[in-house]
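# Structural characterization, general
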Amino acid sequence: MKFQASTPAINVPIIWILGGPGSGKGTQCDRIVAKYGFTHLSSGDLLRNEVSSGSSRGQELSAIMERGELVPLEVVLDLLREAILSALPTSKGYLIDGYPREKEQGILFEKTIAPVNLVIFYDASEATLVERLLGRAKTSGRVDDNEETIKKRLNTFNTHNDQVVQQYTDKLKRIHAERSTDEIFAETSQHIDELLGQFAK
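Residues numbered from 1 in each chain as written. Predicted model: local features only at pLDDT ≥ 70, side-chain atom pairs only at ≥ 80, totals over all residues. Heavy atoms only, no water.

Per an unreviewed UniProt entry, the chain goes by the name adenylate kinase and belongs to Dendroctonus ponderosae. UniProt annotates the chain under Sequence similarities (unreviewed entry) with the comment "Belongs to the adenylate kinase family." Listed under Subcellular location (unreviewed entry) in UniProt, the entry text for the chain is "Cytoplasm". (UniProt positions renumbered as here; feature names shortened; annotations may be inferred.)

In structure tokens form, the structure reads like this:
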């Protein structure tokens, strides 16, 4: 890869946060950032920011999205890498939300940026996710929050996520996400504290 040699060592934790739409991972990410001061990166936000910046890369991305095509893995990786490196001097750790979406993304990330230290998967049943998203649809006004579309989104997520989960069994912590926010966060904190303990050695 063209940028492999120029990526400096990253000596703070890198955590991937996985979970289907409606699993509550956004809420947990906010709480993790508040408690640990980690840098929170979402590949979706990075893409949207790049598009709204009006840069030539943003214009290309906008055209790809308008055609309904998937953004190339390398582009998402470039955006993540740039965001990671720009925050590196002050970052206490990285929380990468909703990434990797598929196995190849994870492999490419570890090969060109740094190994991931912990993968947290907020696991909730499809029935629960559908119910939560339909509840959200009543107030969100989002066009993709209807039952048929929701089930398609969940099916896409599950197909790709299963491959990611199988790839990282040694680093994966599966957290039951059908409990109270506090209970979920207590378990999340336990895993992060264990990881930080290893970094402190």
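From this point, the discussion proceeds with the structure in view.
### Observations regarding the overall build of the chain
Across its full length, the chain carries eight helices and five strands. Helices and strands in the chain line up, N terminus first, as β-α-β-α-α-α-β-α-β-α-α-β-α. At 17 Å, the chain has a C-alpha radius of gyration in line with the 17 Å of a compact globule built from 201 residues. Principal-axis analysis of the C-alpha atoms gives the chain an extent of 45 × 45 × 30 Å. Burial analysis of the chain (201 residues in total) assigns 44% to the buried set. Across the chain, every contact between residues at least 6 apart in sequence was considered, and the portion connecting residues at least 24 apart equals 77%. Put simply, the chain shows about 10,600 Å² of open surface, and 50% of that area lies on carbon and sulfur atoms. (Helix = DSSP H or I, 4+ residues; strand = E, 2+ residues; numbered from the N terminus. Rg over C-alpha atoms; globule rule 2.2 N^0.38 Å. Buried < 20%, exposed > 50% of the residue type's maximum accessible area, 1.4 Å probe, protein only. Contact = heavy atoms within 4.5 Å. Areas by Shrake-Rupley, 256 points an atom, 1.4 Å probe, with all protein chains shown as cover.)

### Structural notes on the environment of D193
Tracing the sequence through the fold places D193 in helix α8 (residues 181-200). Other than its neighbours up to four places away in sequence, D193 contacts K35 and Y36.

### Notes on the packing of helix α2 (residues 43-53) against helix α4 (residues 73-87)
In contact at an axis separation of 10 Å, α2 and α4 are set at 95° when each is read in the N-to-C sense. When the axes of α2 and α4 are compared, the pair comes out roughly perpendicular. Contact residues: α2 offers S43, L46, L47 and E50, while α4 offers V76, L79, L80 and A83. Class assignment for the residues of the contact of α2 with α4 results in six nonpolar, one polar and one charged. (Axes fitted to C-alpha atoms, helices over the stretch in contact; angles between N-to-C directions. Parallel < 35°, antiparallel > 145°, perpendicular 65-115°, else oblique. Nonpolar A, V, L, I, M, F, W, Y, C, P; charged D, E, K, R; others polar.)

### Comments concerning unusual backbone geometry
Cis geometry marks the peptide bond from Y99 to P100, where omega comes out at -5°. Mapped onto the elements, P100 comes out in the loop between β3 (94-97) and α5 (103-112).

### Observations concerning the confidence of the model for the chain
In low-pLDDT regions, the fine details of the predicted coordinates are not to be read closely. Averaged over every residue, the pLDDT of the chain is 88; residues scoring 70 or more account for 94%. Between residues 1-5, whose pLDDT stays under 50, and residues either more than four places distant or in other chains, the model counts nine contacts. (pLDDT = per-residue confidence, 0-100.)

### Brief notes about the environment of L172
With respect to the helices, strands and loops of the structure, L172 is situated in strand β5 (residues 172-176). Note on L172: relative accessible area 15%, which makes it buried. For the pair L172 and N117, spaced 55 residues apart in the sequence, the C-alpha separation amounts to 9.3 Å. Among all residues touching L172, those that are not within four sequence positions of it are V119, F121 and V165.

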